[in-house]
Every structure is written in structure tokens, then in C-alpha cells.
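Each chain, letter by letter, is given below.
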Amino acid sequence: MKPRLFIKQQSHVTTFKVRGNPFRYVVMRNSDIARHGAANAIRQRAARCLQMGFHHTARHQNAIADILDGVTT
């Protein structure tokens, strides 16, 4: 079964949440999404998290980017 994504867009940020997992979410600025696309902006943020040592957070963010790209995780 493909994971379901809940997307809530506000005036300056967009929240991407995976239904059924309270820890798998990411909040992105709309300007970054407009500039790079949603999946690429999330992957860039995950790369920055990985550089800072937040491996678990980076894994969750990459999973959301995969869902947006249509890859089942």
C-alpha cells in the first residue's frame, strides 16, 4: 500500500505529513518550493540535516521526497 501524504499550504510555508506516522513530516518555505520544486527542496534540506548529523531526520525527509516523486518507501 502506498503511503498517503497530507499537504497543508499556508501563506508562507507548506507542511508535508505522512498519515499514520506522527514523526514523518517536513515544513518547507513556499519560496524554496517555487524555486527548486517540492521534492528537490526537501532533498536539499535532508542533505543539510545529514551534514549536521541529524540522520534520522534526514531519513524521514528523504522518505517524503520519495513519496512526492512516486517512489514507494
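Keep in mind that what you see is a predicted model, and the values were worked out from it rather than measured. Counting restarts for each chain, with residues numbered from 1 along the sequence as it is written. Given that the model is predicted, a residue must reach a pLDDT of at least 70 before its local features are reported, and side-chain atom pairs must reach 80 or more before they are shown or counted; all residues, however, enter totals for whole chains, interfaces and linings. Note that water and hydrogens are dropped before the side-chain values are worked out from all heavy atoms of the structure.

Before going further, it helps to spend a moment on the overall build of the protein. The numbering of helices and of strands both runs from the N terminus, where a helix is a DSSP run of H or I of at least 4 residues and a strand a run of E of at least 2. The helix and strand inventory of the protein stands at three helices and three strands. The order of helices and strands in the protein, counted from the N terminus, is β-β-β-α-α-α. Atoms considered for the radius of gyration are the C-alpha atoms alone. The globule rule reads 2.2 Å times the number of residues to the power 0.38. Relative to its length of 73 residues, the protein is compact, with a C-alpha radius of gyration of 12 Å against a globular reference of 11 Å. Considering only C-alpha atoms, the protein reaches an extent of 30 × 30 × 20 Å along its principal axes.

Two strands make a pair as long as DSSP finds a minimum of two bridges between them. Judged by pairing direction, the sheet is antiparallel, and its three strands sit side by side in the order β1-β2-β3 without closing on themselves. What marks the edges here is a single partner per strand, and that holds for β1 (5-9) and β3 (25-29). This sheet shows a mean twist of 15 degrees between the axes of neighbouring strands, independent of strand direction. Here the axes come from fitting lines to C-alpha atoms, over the contacting stretch only for helices, and the angles between their N-to-C directions go from 0 to 180 degrees.

What follows is about the pattern of salt bridges. Put simply, a salt bridge is a Lys or Arg side-chain nitrogen that is within 4 Å of an Asp or Glu carboxyl oxygen. Evaluation of the coordinates by the stated rule reveals four salt bridges. Of the charged contacts, one joins R29 and D32 as a salt bridge, the two residues approaching to 3.2 Å between their closest N and O atoms. When accessible area is computed with a 1.4 Å probe and restricted to protein chains, residues below 20% of their type maximum are described as buried, those above 50% as exposed, and intermediate ones as partly exposed. Residue class for D32 comes out buried when judged on its relative accessible area of 12%. Ionic pairing is found between D32 and R35, a salt bridge with its closest N-O pair at 3.5 Å. Remark: R35 and D32 occur in helix α1 (residues 30-36); sequence separation between them is three residues, near one turn of the helix.

As a further point, take the pairing of β1. As judged from the five bridges shared by β1 and strand β2 (residues 13-18), these two strands associate in the antiparallel manner. Pairing of Q9 across the sheet is with T14, part of β2. Here β1 hands over to β2 after three residues, the two strands then running antiparallel side by side.

Looking at the secondary structure, you find F23 in the loop between β2 and β3. With 24 residues separating them in the primary sequence, F23 and A47 have C-alpha atoms 18 Å apart.

Along the chain, F6 turns up in strand β1. Spatially, the C-alpha atoms of F6 and Y25 are 9.2 Å apart, while their sequence positions differ by 19 residues.

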